[in-house]
Amino acid sequence: MVSTERPDSPAAAFDWPLCYEAEKRVGGFVAAFLARNGFARRLAERMRDETGTEFFEWVDHLVLAPEHEAALRAAGFVDEKVDAPPGTAVLWHPRAMMPRVLLCRAGSPDPAVAGKSPNPAGSGDPALHDMPSTVAIRPEVLADFIAAHDLGAAIEGGFGARLRRASIAEENGTTLHAVERLGYRGYLVREPSGGFVRSVLQARELWRTRRRDFPDDADGVRHAFERLDAVLRLVDRDAACELFFAEERMFWEARNRAAQVQKRRQDRLGLGWGNHDHHTFRCSRAYFADLMAFLARLGFHKRERYYAGAEAGWGAQISEQPVAGIVVFADVDLMPEETAIDFSSQRMPRAAQLRTVGLWCGLHGDSFLQAGMHHLEARFDFARLRDQLAQQGVNTMKPFSDFEFLRQAFTEGERWRVAPHRVQALLADGRITREQAEGFLRDGAIGSHLENLQRKGGFKGFNQKSVSAIIAATDPRKVQAAHAM
């Protein structure tokens, strides 16, 4: 059971199922494609051996013949109303993490989407009916992927296009595409106007140069909303969201060695962070409602909400931006009496004590402001990545989820220097002891991690008990005590 909500809660709908039948069917299609497309097969092997990732996790969509529609619908796929060429139906699985499936008639007016006919005339190979004509993977930056493989492939769609696409390899009646998206879920390539390209560049600079550290955090929050207003005058919220989180990943990566090691490995194949699963923000009680309002303006919808209550002292609101495909896991200190409220929208009063999340924010600042993300979680082959990172000198903590359908573990935390004025403020406020203050000033405190995650069965959810365990294990006071032994 994965739902953590009370039965009467609206968020109880987020009891994510295990969709092994859908995964088996789509995974079988991808495997059949890899068997016939040598470039894709070699790429999949390099992904596994050089980055610890699985080809399946990079698939944006695949193109099949219409005769597979009934079986896909029986496995939980439904229509998705997005831009697509005439004669093309788009199916997606609303309850599982799964690539989209395009069903195209032979002779589609957009051959770049449809690829070759699912059973080319005169091929005499009925097996082609049972495999995709086209599979499209989604690296973070398309030009980086093409350059990394020395392909020289032409890119459809100029810089700033909402969908950019390149044909990577055509073999045995199959086509491998690579695509790049900018806050867009459709399948039509449209050239951007010069004005929009300038707007994208300006929006990216506004996010990158956002000031994070103010003497008063309220000014930092106000500044973030001013930047959001300015960005939304340039681009729509879906593009603004995509650009914002690209900058957040960059800020986090600059402060985490494990992230830098793994990003270099993925960049050697031109992949970037296209395998991101969710972005975790730790937030103080004072500004949690502001973070939620900020995300709402970027198009996020609230998903499950966790109430860990008295035992763990934390809560979390999970939110998803459906167009950009970005998930945020936002943590905050929570008192037992607050489990009955929607803490994601109600401003919470000052608490009598700091729990794990509040102390982390006190030491480093909110993720929304000075600290940046606590961690990025990306999808990997769990055991393979753990072993590969160990060879690079990056160790992994004990898994906090170890189920067939969900495996999760942090890399050992990056220890950050703590600003003296933060330590003094916590000490003066009675939030930490003098001994703890001396330890934080001397040794710093754990700041961030990379999270290794493997999902199976298309499982979209999380496990509250497991998350509670790792939040408790990463409490700065406990880590400091262990460090001092």
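Scroll up to find the structure.
Residues numbered from 1 in each chain as written. Predicted model: local features only at pLDDT ≥ 70, side-chain atom pairs only at ≥ 80, totals over all residues. Heavy atoms only, no water.

> Could you give an account of the overall build of the protein, with specific residues and numbers?
Regarding its fold elements, the protein presents 17 helices and 16 strands. The contacts of the protein with a sequence gap of at least 6 include a subset with a gap of at least 24, amounting to 72%. (Helix = DSSP H or I, 4+ residues; strand = E, 2+ residues; numbered from the N terminus. Contact = heavy atoms within 4.5 Å.)

> Explain the sheet that holds strand E6 (residues 163-171) to me, and be specific about the residues and the numbers.
Pairing between the strands of a sheet comes from backbone hydrogen bonds, and it takes one of two forms, parallel or antiparallel. Taken in spatial order, the 7 strands make up an open sheet running E2-E3-E4-E1-E5-E7-E6, and their pairing is mixed. The sheet is open, and its two edges are formed by strand E2 (78-79) and E6, each paired on a single side. The pairing of strand E5 (residues 134-137) with strand E7 (residues 174-181) spans 4 bridges and is parallel. In the strand pairing of E7, Ala136 is matched with His177. Helix H2 (residues 38-51) contacts E5, E6 and E7 of the sheet and is inclined by roughly 110° relative to E6. (Pairing = 2+ DSSP bridges. Axes fitted to C-alpha atoms, helices over the stretch in contact; angles between N-to-C directions.)

> So, the side chain of Asp381: which residues are in play, and what are the values?
Within the secondary structure layout, Asp381 lies in the loop between strand E12 (375-379) and helix H13 (382-391). Note on Asp381: relative accessible area 17%, which makes it buried. Dropping the residues within four chain positions of it, Asp381 is found in contact with Gly52, Thr53, Glu54 and Gln454. (Buried < 20%, exposed > 50% of the residue type's maximum accessible area, 1.4 Å probe, protein only.)

> Which residues make up the side chain of Ser367, and what values go with them?
One can find Ser367 in the loop between helix H12 (356-364) and E12. In terms of polar contacts, Ser367 uses its side chain to reach the backbone carbonyl oxygen of Gly372, at 2.9 Å. With sequence-adjacent residues up to four places away left out, Ser367 is seen in contact with Arg212, Glu248, Thr280, Phe281, Arg282, Trp360, Gly372, Met373 and His374. (Polar contact = N/O pair within 3.5 Å; in protein donor to acceptor, adjacent residues only side chain to side chain.)

> Could you give me a rundown of the pattern of salt bridges, with the residues and numbers involved?
By the definition in use, this model includes 34 salt bridges. The residue Glu50 makes a salt bridge to Arg46 at a minimum N-O spacing of 2.8 Å. Here the residue Glu50 and the residue Arg46 both occupy positions in helix H2, the gap between them amounting to 4 residues, near one helical turn. Residue Glu50 is classed as partly exposed on the basis of its relative accessible area of 28%. Two residues, Asp429 and Arg350, come together in a salt bridge whose shortest N-O distance is 2.4 Å. Residue Asp429 is located in the loop between helix H14 (420-428) and helix H15 (434-443), and its partner Arg350 is located in the loop between strand E11 (326-333) and H12; the two are separated by 79 residues in the primary sequence. Of the residues examined, Arg350 reaches a relative accessible area of 58% and is grouped as exposed. (Salt bridge = Lys/Arg side-chain N within 4 Å of Asp/Glu carboxyl O.)

> With reference to specific residues and values, describe helix H7 (residues 217-232).
Since one α-helical turn is 3.6 residues long, residues separated by three or four positions face the same way. For H7, with 16 residues, the first-to-last C-alpha span of 23 Å sits near the 22 Å given by 1.5 Å per residue. Taken as a whole, H7 has its buried residues at Asp217, Gly220, Val221, His223, Ala224, Phe225, Arg227, Leu228, Ala230 and Val231. Residues of H7 that are buried in the fold lie against helix H6 (194-208), helix H8 (237-253) and helix H10 (288-297). The N-cap residue of H7 is Asp216: its side-chain oxygen and the backbone nitrogen of Ala218 are 2.9 Å apart. (Expected span 1.5 Å × (residues − 1).)

> Which residues make up H13, and what values do they have?
Within H13, the full set of buried residues consists of Phe382, Leu385, Gln388 and Leu389. Buried residues in H13, looked at end-on, bunch into an arc of 135°, giving them a common side. Remark: Gly393 follows H13 within two positions and exhibits a positive phi of approximately 80°. (Arc of directions from axis to C-beta.)

> A description of the pairing of strand E3 (residues 88-92) should follow, citing residues and the corresponding values.
Sheet topology places E2 next to E3; 2 bridges connect them, and they run antiparallel. By the bridge assignment, Asp79 is partnered in E3 with Leu91.

> Quick rundown of unusual backbone geometry? Include the residues and the values.
If you check the backbone angles, Asp150 has positive phi at about 50° while not being a glycine. Inspection of the secondary structure assignment puts Asp150 in the loop between helix H5 (142-148) and E6. The phi angle at Asn172 is positive, at roughly 50°, despite the residue not being glycine.

> Explain the environment of Glu404 to me, using residue names and the numbers behind them.
For Glu404, the position within the fold is in the loop between strand E13 (401-402) and strand E14 (406-410). In this structure, the C-alpha to C-alpha distance between Glu404 and Gly457, residues 53 residues apart in sequence, is 8.9 Å. Setting aside anything within four residues of it in sequence, one finds Glu404 in contact with Tyr20 and Lys456.

> I'd like a rundown of the packing of H6 against H8, residues and numbers included.
Closest axis-to-axis distance for the H6/H8 pair is 9 Å, and the angle between their directions is 40°. The pairing of H6 with H8 is recorded here as oblique in orientation. In this structure, H6 meets H8 at a crossing whose hand is right-handed. Where H6 approaches H8, its residues Val200, Ala203, Arg204, Trp207 and Arg208 are matched on the opposing element by Ala240, Leu243, Phe244, Glu247 and Met250. Partitioning the contact of H6 with H8 into residue classes produces 7 nonpolar, no polar and 3 charged. (Parallel < 35°, antiparallel > 145°, perpendicular 65-115°, else oblique. Left-handed = near helix turned anticlockwise from the far one by under 90°. Nonpolar A, V, L, I, M, F, W, Y, C, P; charged D, E, K, R; others polar.)

> Go over the packing of aromatic side chains, please, and point to the residues and values.
If you walk through the whole model with that rule in mind, you get 17 aromatic pairs. Aromatic pair Trp360 and Trp416: ring centres 6.3 Å apart, planes at 45°, arrangement tilted. Within this pair, whereas Trp360 is found in helix H12, its partner Trp416 is found in strand E15 (residues 414-416), the two being separated by 56 residues in sequence. Judged by its relative accessible area of 6%, Trp416 is buried. The lysine or arginine in question, Arg212, covers the ring of Phe251, its NZ or CZ lying 3.8 Å from the ring centre. (Phe/Tyr/Trp six-rings, centres within 6.5 Å; stacked < 30°, edge-to-face > 60°. Lys NZ or Arg CZ within 6 Å of the ring centre and 35° of its normal.)

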